[in-house]
Amino acid sequence: MARQFVGRLAELAALHETIKRSVRDQRPAVTVMIGIPGSGKSRLLREASSRISAPCLLRIVGYEPEQAVPLAAARDALRKLTESGSEGTQLGAIAFGVDAREATPDALRLFEAAHRCVRRSGQAVVIVDDLQWVDDLSSALISYLLRAAETARLPFALVAAGRPSANVGALRGSVGQILGDADRLVEVELGALPREAGVAMVRSLAPDASVTDAVRIWSAAAGSPFWIEALSTGRDGVDASIGNRLLQLSSDAASVLQVMAVVGRPTDARELADLLTWLSDRVERGASELQNRGLATDTAGLFQVAHDLIREAAVAGLPAELLRQLHARIATYLRGTANGDLTRLREALDHARRAGLPAIELAIELAGTTQRRLLGSDGVRQLVEVAEQVDRSDPRRQELELRLANLAGELGDRLLELERWTTVADRRPDDAVRARALIRASKAAHQLGRREEAAHFVDEARAIGLEDEALEIALDAQESEILRWLDHRIEEARALTTRAVTRARTLIQQVGERGHLSPPLRSACADALQAAYDLALQDDDAVAMADIAEELVTVADGELARLRAQLTLAFAYRGTGSMAHAEQTARAVWQAARRRLYPALMVEAGNRLAQVLYETGKLEEAERVALETEEVSQRVGDTSRSPSSIRSQRHAIATGRGNWQQALADLRREAEGESDPHFRLGLHQEIAVWLSRLAGAEAEQEIRQRLAAADADVATAGCPRCRQELALRTAEAFARIGDPTGATQALATHVGERTRHSREARPYLVHAAALIAMARGRHTRAAGLLTRLSARLTRDGLHREVLWVDLDLANAWMPRDRDRAVTLYRSVAERAAAGGAITDLQVAQQRLRQLGARPTRRPAATGPLGLSRRELEVAQMAVAGASNPEIAQTLFLSRKTVERHMSNALRKAGVRRRTQLAARLATATDQGAKTP
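Predicted model, so just to flag it, every value in this text is computed and none were measured.

Quick look at the overall build of the chain
Looking only at helices and strands, one finds 46 helices and 8 strands in the chain. Projected onto its principal axes, the C-alpha positions of the chain cover 110 × 85 × 45 Å. Here the chain holds 932 residues, and the buried ones make up 54% of them. For the chain, the share of sequence-separated contacts (at least 6 apart) that also reach a separation of at least 24 residues comes to 66%. Working note: accessible area of the chain is about 41,000 Å², and carbon and sulfur atoms make up 49% of it. On the chain, the mean spot of the 126 positive side-chain charges and the mean spot of the 122 negative ones are 7 Å from each other.

With respect to the packing of helix α29 (residues 579–596) against helix α31 (residues 619–636)
It is the contact of α29 with α31, at a shortest axis distance of 13 Å, that shows an interaxial angle of 35°. Our pair here, α29 against α31, has a crossing hand that is left-handed. Taking contact as the criterion, the partners of R587, W590 and R594 in α29 are, on α31, E621, V625, E628 and T629.

Concerning the pairing of strand β4 (residues 156–162)
A large share of β4 lies buried, amounting to 7 of its 7 residues. Residues F156, L158, A160 and G162 of β4 are buried on one face, and the alternating residues A157, V159 and A161, pointing to the opposite face, are buried as well. The sheet contact formed by strand β1 (residues 29–35) and β4 spans 6 bridges and is parallel. Along β4, the bridge assignment pairs A29 with A157. Here strand β3 (residues 124–129) pairs with β4 via 5 bridges, running parallel. Looking across to β4, one finds that V126 is bridged to L158. Viewed along the sheet, the connection from β3 through helix α6 (residues 136–152) into β4 turns out right-handed.

Concerning the pattern of salt bridges
Using the criterion set out here, one finds 80 salt bridges in the structure. Across the salt bridge formed by E187 and R172, the nearest N and O atoms sit 3.0 Å from each other. Separated by 15 residues along the polypeptide, E187 in strand β5 (residues 185–190) and R172 in helix α7 (residues 166–179) bring together distant segments of the chain. For E187, a relative accessible area of 44% gives the class partly exposed. The exposure class assigned to R172 is partly exposed, which follows from its relative accessible area of 28%. A salt bridge links R344 to E271; the shortest N-O distance between them is 3.5 Å. A residue pair is termed long-range when its members are at least 10 positions apart, and R344 in helix α17 (residues 342–354) and E271 in helix α13 (residues 269–276) qualify at 73 residues.

Some details on the nonpolar core
In this structure, L91, L110, V128, F156 and L290 are the most contacted members of the largest nonpolar core, which totals 249 residues. Setting aside its immediate chain neighbours within four residues, L110 contacts L71, L78, L91, I94, A95 and L374. If you look at the next biggest cluster of nonpolar residues, it comprises 19 residues, including V874, M877, A888 and A909.

So, the packing of helix α12 (residues 251–263) against helix α16 (residues 320–336)
Between α12 and α16, the shortest axis-to-axis distance is 10 Å and the interhelical angle comes to 70°. Comparing their axes, α16 and α12 come out roughly perpendicular. Handedness of the α12/α16 crossing: right-handed. Two secondary-structure elements touch here, α12 through Q258, V259, V262 and V263 and α16 through L322, L323, L326, H327 and I330.

Thresholds applied
- Residues numbered from 1 in each chain as written.
- Predicted model: local features only at pLDDT ≥ 70, side-chain atom pairs only at ≥ 80, totals over all residues.
- Heavy atoms only, no water.
- Helix = DSSP H or I, 4+ residues; strand = E, 2+ residues; numbered from the N terminus.
- Buried < 20%, exposed > 50% of the residue type's maximum accessible area, 1.4 Å probe, protein only.
- Contact = heavy atoms within 4.5 Å.
- Areas by Shrake-Rupley, 256 points an atom, 1.4 Å probe, with all protein chains shown as cover.
- Lys, Arg positive; Asp, Glu negative; His and termini not counted.
- Charge placed at Lys NZ, Arg CZ, Asp CG, Glu CD.
- Axes fitted to C-alpha atoms, helices over the stretch in contact; angles between N-to-C directions.
- Left-handed = near helix turned anticlockwise from the far one by under 90°.
- Pairing = 2+ DSSP bridges.
- Right-handed = clockwise from strand over helix to strand, strands pointing away.
- Salt bridge = Lys/Arg side-chain N within 4 Å of Asp/Glu carboxyl O.
- Core = buried A, V, L, I, M, F, W, Y, C linked by side-chain atoms within 4.5 Å.
- Parallel < 35°, antiparallel > 145°, perpendicular 65-115°, else oblique.

Laid out in structure tokens, this is it:
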């Protein structure tokens, strides 16, 4: 019969309240428990776990000897997640190398795969024990899952316990940043058990003990649950309890305990038998004795020391030579049974170093495993320490240093990469290896903006004087990039780029019929083509960019490199006006990134695809892609421009989805929070243009303020391309608010500084000129310009902008040909409705009403509570806090019409007030979402 749990009942209730709250709020909730050794943390977590019935219950346990082993603490949790259908299969391929085709996995791919498994379960509880010893990568996984659950609003409970430590503080800080809401983070400090709870615990463990004895034991144990249990079940005093138990062990039991203590994690009888070179039944007898004495536990066939205090005492009692021998035996065994598994190899390395064994060959094997990226930058630095213990002339050290330099590059740690390639270049006698190391060092320095170092490494490589075509192409390409981006010596860069890409194309053509490029040649050709692409970008030559991007795809090495090259191609297609190809290519990359779990690429490709979908008039799909992409960027925790970029793009898309005032309010917040003038000016510009289109002269003051702010940011950023775009958009905005003189001056600024207009700029130029003509009453000229512009944009597939050109064209026709204007407005309304451009539809409908024409009917749709589409729009804005005048302005309706729709919504919902409508609408929407 199981013992009743006593003591810590309040804390146990707090843990379960965390789990209940996560389900109730459909949001993450966290409890962090802190206590000294023996305060009952593990006991409390075991009891809590036994009472949890969540679909996904994961245990993450830290062990001191494995603190430096990547994912050691999360190993069992990850294996459990691999049982989650197809998502679990994919996680297994990444985490444990099940898929032989799998390229070197990185942490983000693994984290994203784990999140998908958790999300599939619907509800998850993660129990973390001994947090102070959880390895860094497992800690990062915990934070990722928590952030992902917060973004996706999943019921996710995290209960973590540990001694006061840096890890506990780091988790507390991470949780605070992710949740923001202090109420969802509960901290519990485990002190001594109070007398009543301590006495109850003694009597549950030793029913024959008197109350007096129970009080004495509680007092002697100072309220520590560990010592209460030790004293209640033993015959010794406090000071000698563990020591006496160890002395009373048989030799076999002592040997088993010694190995278990040094291994430091749960292990099975077979592994113990192999380490001791015994038969399994002998191990099991020794383990059974340990269990009987309360020194070990057996959970599902895995043995471990019953408590860290016991393990620490057992290790402390080992003679130094015996401890060294045990570490050596364990290291040899782990390496022999690793089969390329990074976790076992990393564990073996720690034991080898503690045993004082040479670890260089083990380090080389680690740096070459397919899972090597999981080591991270800290892992690379630890292996550098191993290399530095070996003589510089030793070929094994040179091999390890080369592998570590490559790994630093794979990890994207440019400082570490620069350091490691510089080391390789300094220490390798082989000229070819040294030259290539110098090129890699130059690339890293370039990316860090270190011009002098980057140029110096190129000069050093040239000075070696090797006659190697791949090397010469790579050097020309690298020097051209330094001249282009760091020195701004464009013509010198052009000459080197031309020489490099000409030789590269000749090589590609030569091997096209006879075979494949060698890795060095492939890399050099890719470098040359990238330099050529950058040159075309600077020249604003979209056709050349597309041609070069297609070549880049053919020479890209590896799946991820090919996908990135294809994304570059999608951008180039967009510049040439090939929007169908741009959409097709961006969509293929986005889908592949989602399928293969490349989170960073998912963000890049999703951003690109959402932009193309928006420009082609597919706003509803663009919004879905943007939302999913933003969610991924939030859980990835990207510190680049991607999160703010996709968020701003989502708000821009939302301007066309109906509630444009809320979208502009969101863009205003983005602008206020943006510190980089280069990105802030685009937000100011976007707000001004949309205000001019949707509010017109009523918003003149803010429009002028936004454009002035954008102009100041352009001056700070010093970007010629942005300056030209701002001039064109300023001309449009001024023309729309009735200031053709200011618009003409803005246009003159653009035209005066350009001798050639890019394909992307020309439509803005024509549109602005047409609006200026209309503002001056020259409607025939405006109609002619807009008609030609509409045809061109339609041909290029830029259907989003075509809607506004056609709205302006209909406006130009109104004074002379009302019927033609009505026909065009109806055409815009139909196209807008088909693509989800609700704002454009509303503008067209409003203008039809102003002309006395019947607005086009939108497809009938019944929403929650039987509301029509328009009633639902009005109701949603109302419950969000908008007033009737605000709703009327946003939806381009009269106030009387808004009142009628509001009255209908209240009647259909069977309520009288907006607050009641909000509750009814939320319930009906939730029920509708759950209906198959």
